[in-house]
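Each chain, written out:
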Amino acid sequence: MNGRIIAFCCEHSAYPAADLAGRLRLSYSGDVRIIRVPCAGQVDVIHMLKALEKGAGAVLVVGCEDGACHHITGNTRAEERVRHCHTLLDEARIAGDRVAMYNISPNAPHRFVRVADEMVKTMEQTREAR
Amino acid sequence: MIIAERKPMEEIEQSLEAYKKVLVAGCGTCVTVCWAGGEREVGILASQLRLGRGAGGGEIVTLEATVERQCEREMVAEISDKVAEVDAVLSLACGSGVQTMAEMFEDKPVLPAVNTTFIGMPEKEGLWVEMCGACGDCFLDRTGGVCPMVRCAKGLLNGPCGGTRKGGMCEIDPEKDCAWVLVYRRLDKQGRLDLMRQYLVPKNYRAVKRPGRIQAAKA
Amino acid sequence: MNERIGVFLCNCGGGMKNIDFDTLGAKLGHVPGVTFVEPMSNLCLAEGRDRMISRIGEDNPDRVVVAGCSPEFQERLFRRALHEAGLNGQLLSMANIREQCSWVHDGDVTAKAVELVKMAVNRVRLLQPLEKEELPVRREVLVVGGGFSAIGAALELSRIGLPVTVVTREVSLDGSGEPQEDFHGCDINAMRSAVETDPGISVLTSARVVATRGEVGDFTVAITREGDETCGRYGAIVLATGYETGTCLAPGLNSRAENEPIGEASIVSQEQLSQMLRSPITVSRPGTIAFVFDFCDENSRFPTLATLSNALAAREKWESEVYVLCKDVKVDSEGAEHLYREARECGVVFLKCEDVPRITRANGRVTIEARDVYLGEETAVSCDLLVAEELRSPAGGTQTLSSLLGVRLDSRGFYQDENVHLYPVSSEKKGVFTIGECRGDLDVGRVLTDISSVVMSVCQLVSPGKIEAELERVHADPQKCVACLTCVRVCPHGAIRLSRVENGKEIAVISDLACDACGVCAAICPAKAIQFEGYRDDQILAQIEAIGEA
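Each value, and the rule that gives it
- Residues numbered from 1 in each chain as written.
- Chains lettered and ligands numbered in written order.
- Predicted model: local features only at pLDDT ≥ 70, side-chain atom pairs only at ≥ 80, totals over all residues.
- Heavy atoms only, no water.
- Helix = DSSP H or I, 4+ residues; strand = E, 2+ residues; numbered from the N terminus.
- Rg over C-alpha atoms; globule rule 2.2 N^0.38 Å.
- Buried < 20%, exposed > 50% of the residue type's maximum accessible area, 1.4 Å probe, protein only.
- Contact = heavy atoms within 4.5 Å.
- Areas by Shrake-Rupley, 256 points an atom, 1.4 Å probe, with all protein chains shown as cover.
- Lys, Arg positive; Asp, Glu negative; His and termini not counted.
- Charge placed at Lys NZ, Arg CZ, Asp CG, Glu CD.
- Core = buried A, V, L, I, M, F, W, Y, C linked by side-chain atoms within 4.5 Å.
- Pairing = 2+ DSSP bridges.
- Axes fitted to C-alpha atoms, helices over the stretch in contact; angles between N-to-C directions.
- 1 Å grid on protein atoms, 1.4 Å probe; cavity = no way out; pocket = protein on both sides within 12 Å on 5 of 7 lines; lining within 4 Å.
- Points joined across faces, edges and corners; volume = space filled by probe spheres on them.
- Nonpolar A, V, L, I, M, F, W, Y, C, P; charged D, E, K, R; others polar.
- Buried area = accessible area lost by both parts, 1.4 Å probe.
- Salt bridge = Lys/Arg side-chain N within 4 Å of Asp/Glu carboxyl O.
- Polar contact = N/O pair within 3.5 Å; in protein donor to acceptor, adjacent residues only side chain to side chain.
- Disulfide = S-S within 2.5 Å.
- Phe/Tyr/Trp six-rings, centres within 6.5 Å; stacked < 30°, edge-to-face > 60°.
- Lys NZ or Arg CZ within 6 Å of the ring centre and 35° of its normal.
- Parallel < 35°, antiparallel > 145°, perpendicular 65-115°, else oblique.
- Left-handed = near helix turned anticlockwise from the far one by under 90°.

K.L.:
How should the overall build of chain A be read in this particular structure?
P.N.:
Helices and strands together make up the secondary structure of chain A, namely four helices and four strands. Taking 2.2 N^0.38 as the reference for a compact globule, 130 residues should give roughly 14 Å; the C-alpha atoms of chain A span a radius of gyration of 14 Å, in line with that estimate. When its C-alpha atoms are laid out on the principal axes, chain A stretches across 35 × 30 × 20 Å. The burial tally for chain A puts 67% of its 130 residues in the buried class. If you take every contact in chain A between residues at least 6 apart in sequence, the share linking residues at least 24 apart comes to 78%. Summed over all atoms, the accessible surface of chain A reaches about 4,600 Å², with 45% contributed by carbon and sulfur. For chain A, the distance from the average site of its 17 positive side-chain charges to the average site of its 16 negative ones is 5 Å.

K.L.:
Help me understand the overall build of chain C, please; the structure alone is not making it clear to me.
P.N.:
The helix and strand tally for chain C stands at 15 helices and 28 strands. On C-alpha atoms alone, chain C measures out to a radius of gyration of 31 Å, which is more than a quarter above the 24 Å that the 2.2 N^0.38 rule sets for 550 residues. Looking at chain C as a whole, 54% of its 550 residues qualify as buried. For chain C, the accessible surface area stands at approximately 23,700 Å², while carbon and sulfur atoms represent 47% of it. Taken together, the 56 basic and 81 acidic charged side chains of chain C have centroids lying 4 Å from each other.

K.L.:
Any chance you could explain the nonpolar core here in plain terms?
P.N.:
Most often, soluble globular proteins have nonpolar side chains that are buried together. With 78 residues, the main nonpolar core has C:Ile223, C:Ile237, C:Val454, C:Val458 and C:Ile530 as its most contacted residues. Sorting elements by how many residues they give to this core places helix 12 (residues 444-462) of chain C first, with eight residues. If we ignore the near neighbours within four places in the chain, the residues touching C:Val458 are C:Val141, C:Leu157, C:Leu162, C:Ala236, C:Val238, C:Phe433 and C:Ser463. In terms of nonpolar packing, the next biggest core, distinct from the first, is built from 77 residues, A:Val59, C:Leu43, C:Leu82 and C:Leu92 among them.

K.L.:
Can you walk me through the sheet that holds strand 6 (residues 141-144) of chain C in this structure?
P.N.:
Two modes of strand pairing occur in sheets, parallel and antiparallel, and in both the strands are linked by backbone hydrogen bonds. All names here are of chain C. Spatially, five strands are ordered 8-7-6-12-23 in an open sheet, and the strand pairing comes out parallel. Sheet topology places strand 8 (201-204) and strand 23 (432-434) at the edges, where each strand pairs with a single neighbour. The mean inter-strand angle of the sheet, taken between neighbouring strand axes irrespective of direction, is 20°. Inspection of the sheet shows strand 6 paired to strand 7 (residues 164-167) by four bridges, in the parallel sense. For Val143, the partnering residue across the bridge sits in strand 7 and is Val166. Packed onto the sheet, helix 6 (residues 148-159) meets strand 6, strand 7 and strand 8 and runs at close to 170° relative to strand 7.

K.L.:
Sorry if this is basic, but what is going on with empty space enclosed by the protein here?
P.N.:
Which parts of space are left empty comes out when a probe the size of a water molecule is rolled across the atoms. All names here are of chain B. Tallied over the entire structure, the rule returns six cavities of 30 Å³ or more. The calculated volume of the largest cavity comes to roughly 110 Å³. What lines the largest cavity is a set of 13 residues, and nearest its centre among them are Cys152, Cys161, Cys170, Glu171 and Cys178. Considered class by class, the residues forming the lining of the largest cavity number ten nonpolar, one polar and two charged.

K.L.:
Would you mind going over the pairing of strand 27 (residues 506-510) of chain C with me for this structure?
P.N.:
On a regular strand, each side chain points to the face opposite its neighbour's, so the side chains alternate between the two faces of the sheet. All names here are of chain C. With five bridges joining them, strand 26 (residues 496-500) and strand 27 adopt antiparallel strand pairing. If you follow Leu498 over to strand 27, its bridge partner there is Ala508. Linking strand 26 back to strand 27 in an antiparallel pair, the connection comprises five residues, with Gly504 at a positive phi of about 90°.

K.L.:
How should unusual backbone geometry be read in this particular structure?
P.N.:
As a rule of thumb, non-glycine residues mostly have phi less than zero, and peptide bonds are mostly trans rather than cis. Residues and elements named next belong to chain C. Positioned with a positive phi, Ser206 is a non-glycine residue whose angle comes to about 50°. By secondary structure assignment, the location of Ser206 is in the loop between strand 8 and strand 9 (207-215). A relative accessible area of 28% means that Ser206 is categorised as partly exposed. Phi angles above zero are rare outside glycine, and Glu319 is one such case at about 55°. Residue Glu319 is classed as exposed on the basis of its relative accessible area of 65%.

K.L.:
Explanation requested: the interface of chain A and chain C in the structure shown.
P.N.:
A common way to express how large an interface is: the accessible area buried when the components associate. With 44 residues of chain A in contact, the opposing surface of chain C contributes 44 residues. Regarding the contact of chain A and chain C, the summed buried area is about 3,900 Å², with carbon and sulfur atoms giving 56% of it. It is A:Arg36, A:His70 and A:Ile72 that lose the most area in chain A upon contact with chain C, and together they represent 16% of the buried surface on that side. The interface formed by chain A and chain C holds six salt bridges in total. With its nearest N and O atoms 2.4 Å apart, the salt bridge here joins C:Glu115 to A:Arg4. Summed over the shared surface of chain A and chain C, the result is 17 residue pairs in polar contact (both at pLDDT 80 or more). Only strand 1 (5-10), helix 1 (14-23), strand 2 (32-37), helix 2 (45-53) and helix 3 (74-91) of chain A provide two or more residues apiece to the side of chain A that touches chain C. Top element by residues in the side of chain A that touches chain C is helix 1 of chain A. It accounts for seven residues. Split into classes, the residues belonging to the side of chain A that touches chain C amount to 21 nonpolar, eleven polar and twelve charged.

K.L.:
Looking at this model, I keep getting lost on the environment of B:Asn115. Mind explaining?
P.N.:
Residue and element names in this part refer to chain B. Within the secondary structure layout, Asn115 lies in strand 6 (residues 114-124). Given a relative accessible area of 31%, Asn115 falls into the partly exposed group. For the pair Asn115 and Pro8, spaced 107 residues apart in sequence, the C-alpha separation works out to 9.4 Å. Each residue touching Asn115, except ones within four places of it in the same chain, is listed here: Ile3, Ala4, Glu5 and Lys7.

K.L.:
Any chance you could explain the interface of chain A and chain B here in plain terms?
P.N.:
On the chain B side, the residues contacting the 15 residues of chain A number 13 residues. The largest share of the area that chain A buries against chain B comes from A:Glu53, A:Glu91 and A:Arg93, three residues that together contribute 37% of it. Our enumeration of links across chain A and chain B arrives at five salt bridges. The salt bridge involving B:Arg6 is made with A:Glu91; its shortest N-O contact spans 2.8 Å.

K.L.:
Explain the state of the cysteines here, please?
P.N.:
Two cysteines form a disulfide when their sulfur atoms are joined by a covalent bond. This structure, assessed with the given rule, holds zero disulfides over all chains. In this structure B:Cys94 is a free cysteine whose sulfur lies 6.0 Å from that of B:Cys71, the closest cysteine sulfur available.

K.L.:
Looking at this structure, I do not really get the packing of aromatic side chains. What am I missing?
P.N.:
Two descriptors summarise a pair of aromatic rings, namely the distance from one centre to the other and the angle between the planes of the rings. Residues and elements named next belong to chain C. What the rule picks out here adds up to five aromatic pairs over all chains. Ring geometry for Tyr340 against Phe350: centres 4.9 Å apart, planes inclined by 80°, an arrangement best described as edge-to-face. Residue Tyr340 is found in helix 10 (residues 336-345), and its partner Phe350 is found in strand 17 (residues 349-352); the two are separated by ten residues along the sequence. On the accessibility criterion, Tyr340 (22% relative accessible area) is partly exposed. Seen in terms of ring centroids, Phe532 and Tyr535 are 5.2 Å apart; in terms of plane orientation they differ by 75°. Their pairing is edge-to-face. Take Phe532 and Tyr535: they sit in the same class, and that class is buried. The side chain of Arg123 reaches across the aromatic face of Tyr535, ending 5.4 Å from its centre.

K.L.:
What should I look at first to understand the packing of helix 6 of chain C against helix 7 (residues 188-197) of chain C in this one?
P.N.:
Between two packed helices, what matters for the description is the angle formed by their axes and the separation of those axes. All names here are of chain C. The contact between helix 6 and helix 7 brings their axes to 10 Å, and the two run at 55°. It follows that helix 6 is oblique to helix 7 by the angle criterion. Seen along the crossing, helix 6 lies across helix 7 with a hand that is left-handed. In this structure, helix 6 uses Phe148, Ile151, Gly152 and Leu155 to contact helix 7, whose residues at the interface are Ile188, Met191, Arg192, Ala194 and Val195. Residues that form the contact of helix 6 with helix 7 fall into these classes: seven nonpolar, one polar and one charged.

K.L.:
Can you help me understand the pattern of salt bridges in this one?
P.N.:
When their charged atoms lie close together, side chains carrying opposite charge are able to pair. Inspection of the entire model under this criterion finds 55 salt bridges over all chains. For C:Arg439, the salt bridge identified is with C:Asp450, shortest N-O distance 2.7 Å. Taken together, the positions of C:Arg439 in the loop between strand 23 and helix 12 and C:Asp450 in helix 12 put the pair eleven residues apart, joining distant regions of the chain. Overlapping salt bridges, with partners in common, bring together A:Glu11, A:Arg36, C:Glu72, C:Glu75 and C:Arg79 in one network.

K.L.:
It is not clear to me how the packing of helix 1 (residues 21-29) of chain C against helix 5 (residues 110-126) of chain C should be interpreted in this structure. Could you clarify?
P.N.:
Residue and element names in this part refer to chain C. It is the contact of helix 1 with helix 5, at a shortest axis distance of 10 Å, that shows an interaxial angle of 40°. It follows that helix 1 is oblique to helix 5 by the angle criterion. For the crossing formed where helix 1 meets helix 5, the hand is right-handed. On helix 5, the residues that touch Thr23, Leu24, Lys27 and Leu28 of helix 1 are Thr110, Ala113, Val114, Val117 and Lys118.

Fair warning: the whole summary comes from geometry, so function is off the table for now.
Written out as structure tokens, the structure reads:
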């Protein structure tokens, strides 16, 4: 599944933001595949690694804005895990920027689109560099 | 419990260089609790190995298994069939577990993936600190329950070195408490400061003859 | 694999023109395990749901996929439909082919739609049914605090028929003490007597909470009162412990001198000024009054309102010259902007300053020097009376209560809201609520809103006397759990504790009621003992497996 961007989207922020983007008929890359999770803090490093193993071009974890996590610390844990994932990928000599964490509000559909677009660009740049 | 830490990736990959099919074996006891070698870590390490080999243009097939305690022969026996399928075993257990596995499967290279470091406890989530040096001659009754042998950076037995920093921190590592300050405070709280005047003779490091061997009374 | 998966494809009344539903249906029909693919037009309408239930009855699938709009809308509806059709409501997976596919991409998106539905099919294969059970919940409510919020909440909760206990450290219920006169039409004294005479409310004064156990629906709380300890059991706890005031002045300067006669220069608090203004005795009027606020603490809703109304009152009653020095006048409280305009029209002079003013006292007068932002130069005000800036801090005992109950504090030491926008009066511990000034910077209007919110939340929670809970949605496998305490420490809702199970082993037990289903414990468990049904590792990975197969 080359070129797919797997986006783990928290059901309190990113998922509704993506829905809102749809209701406003905004537009982003068709390569994005959204997987709904109850909290960004539920996404583990192994999910990110296995997504890359399966061939994903990039992995996104999108959670609530700083200080607004419905589960208080879920988004900060997700950030720590993404950072840890970068370290693990470095050890395996794989570009870490293919995995990224973003924070978003549920009422920010344009930000969702920007995040998706940014990740597409990063993915293409990483692919060219390889 | 026993605290271990995963080895640097280069070391692990180097030890696995010659092998194409590897069992990544975790242990469900100490190394699980200190986040070094439980089922979760096994999954992550195996994934890293596959990604890393792939990035280098090679390939590695990994099997994954975690036993409850790798230092028990009966429990290790439960994964014999998986061991039979592979060229080598990468064990995330402490040294005791690695050696038990190696003894059970003498024809297979059993490689360590973690460094066993110390006996310790969690000071807080994710932070493990050394508590005990397994010296075989415990004198915690004289030091109010604080072991200066391992918790003092210089291993002093009879009081602080005189270089304690402000706030009671160690001269050598300012992030660490001066163990003798801890001893003092503890004994003070219990009204037993007189214990500090008792001279502790140099440690008998031969109290535990290596390799250690203890026969418990028959039950 | 013996699953029988029924797939319903909803085209939302034709709202997805860029998906070819025939192709979609045909491709899905070939997927192993799929028993039928039923194209629908409006699955969420009554006829659609009826058709869904009868199709399930005809073909007997054991699990269902619905492809159509976002699960955020109708997932609950479809779960109920499954239940009506005789299936466990958990055995449903939805594919969002509308908001996250058809509506965000141009051109034909059938291929992506196929992938999304396959992801849902892969996931539904692995779903497990969850049983629900009605767990009893106590209707008694404990209100901690004795001020305005506590009194208001107690009254309203009792009014809807819940037995209330109010516990306060003070010797009596308080309620007055605010510098403002206008309490949005609330007569505090009348409220206080109403609480004291209400047979449904039990008031414990000079009492403290010393220990708590249990979880939402059944908290056991130990209260000490004059040496005696009693235990009460409550379904919900409301913290309304308020705040304390202090003054903030230039260092080195004495704070308010309480016994100085008014005629001489003095520094007073807002409270003291309010009393002076309310006093019917004619006192020698201060010729010039200066107010200082919003410098040491920018969370200044109450101080703003107090300053504005007192400044206005001083102008009107005493005709004093009034100066107000502040960083900003924050008027987001109801009525504040009006007050501000009135004050200005009445001749109160507002000086906007960036830095903390320098205050000195000499020869019976107080001098305040500061840099006026608009003039761009140093300015000085000399006055007879200075009203010092009031600082609000959490009430003493907030820290203790916070650790006793397992409720977090924010960076200023006030109770942390579970979510500042969506759940302002909830704490992260289910069943424990916080209202009023103990949450931080409020004004009376917002306190009243807090009271209404908490009454609704508590009513919803405990009034029926039972809660329907999903059993073991997040569950620690006793075989794998090593009691490492990681999950216990990590759970943001305090829903996990160590407990002995049948074979005597101590393992982590996750409370079905207190768990808020975030999954943080499942992700971090080093033994992979905790799995979160619906989002298990294999269920997530199965979705990933389906990607790239079109």
